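So the chains spell out like this:
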Amino acid sequence: MKVVICGAGQVGYGIAERLAAEQNDVSVIDSSPKLVNAIGDQLDVRGFVGNGAHPDVLAQAGADQADMIIAVTLYDEVNMVACQVAHSLFNVPTKVARVRAQSYLQGRWQSLFSREHMPIDVIISPEIEVGDMVLRRLALPGAVETVRFADDHVVVVGIMCEEDCPVVDTPLRQLTDLFPDLGAVVVGVVRGGKLFVPKSSDALLVGDLAYVVARRDQVRRTLGLFGHEEPEANRVVIAGGGNIGLYVAQSLEQRQSKTRIKVIESSRERAVHIADDLKRAVVLHGSALDQAILEEADVADADTMVTLTNDDEVNILACVMAKKMGCRRNLSLLNNPSYPAFANALGIDAFINPRAVTISRILQHVRRGRIRGVHSLQNGAAEVIEAEALETSPLVGRPLRDIDLPSGIRIGAVYRAGKVITPNGSLQIQARDRIVIFALANRVRQVEQMFRVSLEFF
């Protein structure tokens with residue numbers, strides 16, 4: 001597949017890295033010679049210096065032969081015009097744009113991005129994507145990571161195995177025997193910094209991060225079996241009143257009427273603005289690193305401290321301070337891709353990487369085959385993929401025990417006619433089943449092949 005990426009920043013680089021590693025033909029455009037040189041030196045891609053919305057630059061990058069354009073520059077207007085030019089002059093089939101300004105995304109303007117006006121097939125709003133991820137984490141505080149698939153009927157959770165974890169040192173097959181109705185499957189484990197797909201004879205160890213696929217109605221029970229029975233947060237302190245912080249606070253006001261919310265914002269002008277937009281939340285003007293402000297926010301009595309500023313260091317330190325002062329849990333926004341590896345050691349209970357969230361959303365539309373959802377894990381070390389099985393899929397019509405799945409791939413759940421089925425050896429995949437599958441990065445291409453339409457089908 002030939003892809004043109006406009007923007008060589010963190011998100012553009014991450015997408016280019018993933019696609020180039022899978023032997024796609026990738027061209028990257030950016031106005032910064034430094035970024036273009038860096039991405040060209042480190043990845044097997046072609047770099048072009050220029051404005052991604054200009055026809056001549058797009059032509060140089062091969063837009064006339066591209067299957068997809070992904071516009072993720074820092075400027076919404078450049079991203080939108082790049083897609084318009086790609087459509088009008090080069091007839092690029094799929095156009096993806098990152099749009100941050102919420103004004104463009106209001107419901108009354110939704111016709112703006114129609115084929116007749118500005119033909120963009122996929123709009124990515126990082127603020128909304130990240131905000132929704134924060135809300136899902138707050139709803140399941142015992143989970144390190146939470147992603148939903150199959151119309152929210154299947155949930156993938158990352159769970160830390162701590163000293164008091166009841167299932168430590170128990171072989172996974174024994175867990176299935178002990179809890180046959182649990183509806184949960186351990187599909188991946190991070191141990192010592194390495195991610196792998198466990199065998200049924202393997203046991204979880206203290207310090208492991210387990211990725212578990214579970215039915216939505218069994219998620220809390222699953223967390224409880226792993227020793228995480230933390231109640232949903234009713235008192236939340238949010239550091240950072242930017243677009244994400246405001247979105248989270250407004251959503252909590254609407255969804256959880258009993259939740260008490262306090263927002264700390266360093267800009268007085270912004271604090272006044274969001275105070276007008278919020279109905280019940282208390283807005284405090286000051287620094288999240290000021291102990292007096294944290295005391296005024298009653299952080300010692302808070303269930304969760306959520307740090308959503310644009311400064312990773314502020315986010316980390318504010319979380320640490322809140323925990324020291326008595327806050328039960330914390331959740332931090334971390335943009336620097338190197339920080340998550342140290343998050344747990346620093347006292348961060350859970351974190352969200354906006355770059356990873358945005359890349360996952362885009363990969364959903366890059367993946368070949370009947371792919372309905374994608375979430376990237378551990379900086380791209382693996383993906384959880386939801387795909388629809390076609391009649392020509394090699395998975396269809398045979399018991400799972402008779403299918404020789406490559407190592408590094410594990411089926412976590414099957415969604416059929418509104419019902420979630422936990423996979424076992426006798427289960428036979430049917431056409432139109434939606435399958436939630438875990439795959440290490442080097443196995444993603446094989447997963448794609450399993451869900452592509454074969455020429456023999458016609």
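Residues numbered from 1 in each chain as written. Predicted model: local features only at pLDDT ≥ 70, side-chain atom pairs only at ≥ 80, totals over all residues. Heavy atoms only, no water.

- Per an unreviewed UniProt entry, the protein chain carries the name Trk system potassium uptake protein TrkA and comes from Polymorphum gilvum.

Structural notes on the pairing of strand E4 (residues 68-71)
(1) Moving on: Neither face of E4 is exposed, since Met68 and Ile70 on one face and Ile69 and Ala71 on the opposite face are all buried.
(2) Moving on: As paired strands, strand E1 (residues 2-6) and E4 are joined by 4 bridges and run parallel to one another. Counterpart to isoleucine 5 in the pairing with E4 is isoleucine 70.
(3) Moving on: Bridge count for E4 against strand E5 (residues 94-98) is 4 bridges, and the pairing is parallel. Across the sheet, the residue bridging to isoleucine 69 is lysine 95, located in E5.
(4) Moving on: Each parallel crossover has a hand, and for E4 linked through helix H4 (residues 76-90) to E5 it is right-handed. (Buried < 20%, exposed > 50% of the residue type's maximum accessible area, 1.4 Å probe, protein only. Helix = DSSP H or I, 4+ residues; strand = E, 2+ residues; numbered from the N terminus. Pairing = 2+ DSSP bridges. Right-handed = clockwise from strand over helix to strand, strands pointing away.)

Concerning the nonpolar core
(1) Moving on: With 44 residues, the main nonpolar core has Ile5, Ile70, Ile362 and Ile435 as its most contacted residues.
(2) Moving on: Counting residues per element, this core draws most heavily on helix H1 (residues 10-21), which supplies 5 residues.
(3) Moving on: Residue contributions to this core reach at least three from each of two domains, namely domain 1 (2-124) and domain 4 (358-450).
(4) Moving on: In this structure, isoleucine 362 is in contact with Val11, Ile15, Ile70, Val72, Val96 and Ile124, ignoring residues within four places of it in sequence. (Core = buried A, V, L, I, M, F, W, Y, C linked by side-chain atoms within 4.5 Å. Domains from an automatic or database assignment. Contact = heavy atoms within 4.5 Å.)

Re the packing of helix H5 (residues 126-139) against helix H8 (residues 243-255)
(1) Moving on: Interhelical geometry of H5 versus H8 gives an angle of 50 degrees and a closest axis separation of 9 Å. In terms of axis orientation, H5 runs oblique to H8. Considering only the axes of H5 and H8, their crossing is right-handed. Judged by residue contacts, Glu127, Ile128, Val130, Gly131, Asp132, Val134, Leu135 and Leu138 of H5 engage Asn243, Ile244, Tyr247, Val248, Ser251, Leu252 and Arg255 from H8.
(2) Moving on: Broken down by class, the residue content of the contact of H5 with H8 amounts to 9 nonpolar, 3 polar and 3 charged. (Axes fitted to C-alpha atoms, helices over the stretch in contact; angles between N-to-C directions. Parallel < 35°, antiparallel > 145°, perpendicular 65-115°, else oblique. Left-handed = near helix turned anticlockwise from the far one by under 90°. Nonpolar A, V, L, I, M, F, W, Y, C, P; charged D, E, K, R; others polar.)

Considering the sheet that holds strand E20 (residues 409-416)
(1) Moving on: Across the sheet, 5 strands lie side by side as E18-E19-E22-E20-E21; this open sheet has antiparallel pairing. Each end of this open sheet is capped by a strand with a single partner; those strands are strand E18 (371-377) and strand E21 (419-421). Taking the axes of each pair of neighbouring strands and ignoring which way they run, one obtains an average angle of 20 degrees across the sheet.
(2) Moving on: Pairing analysis gives 6 bridges linking E18 to strand E19 (residues 382-388), with the strands arranged antiparallel.

Considering unusual backbone geometry
(1) Moving on: Even without glycine at this site, aspartate 151 takes up a positive phi of about 55 degrees.
(2) Moving on: Looking at the element boundaries, aspartate 151 is found in the loop between strand E7 (145-149) and strand E8 (154-160).
(3) Moving on: One non-glycine residue, aspartate 298, lies in positive phi territory at about 55 degrees.
(4) Moving on: Its relative accessible area of 38% is what places aspartate 298 among the partly exposed residues.

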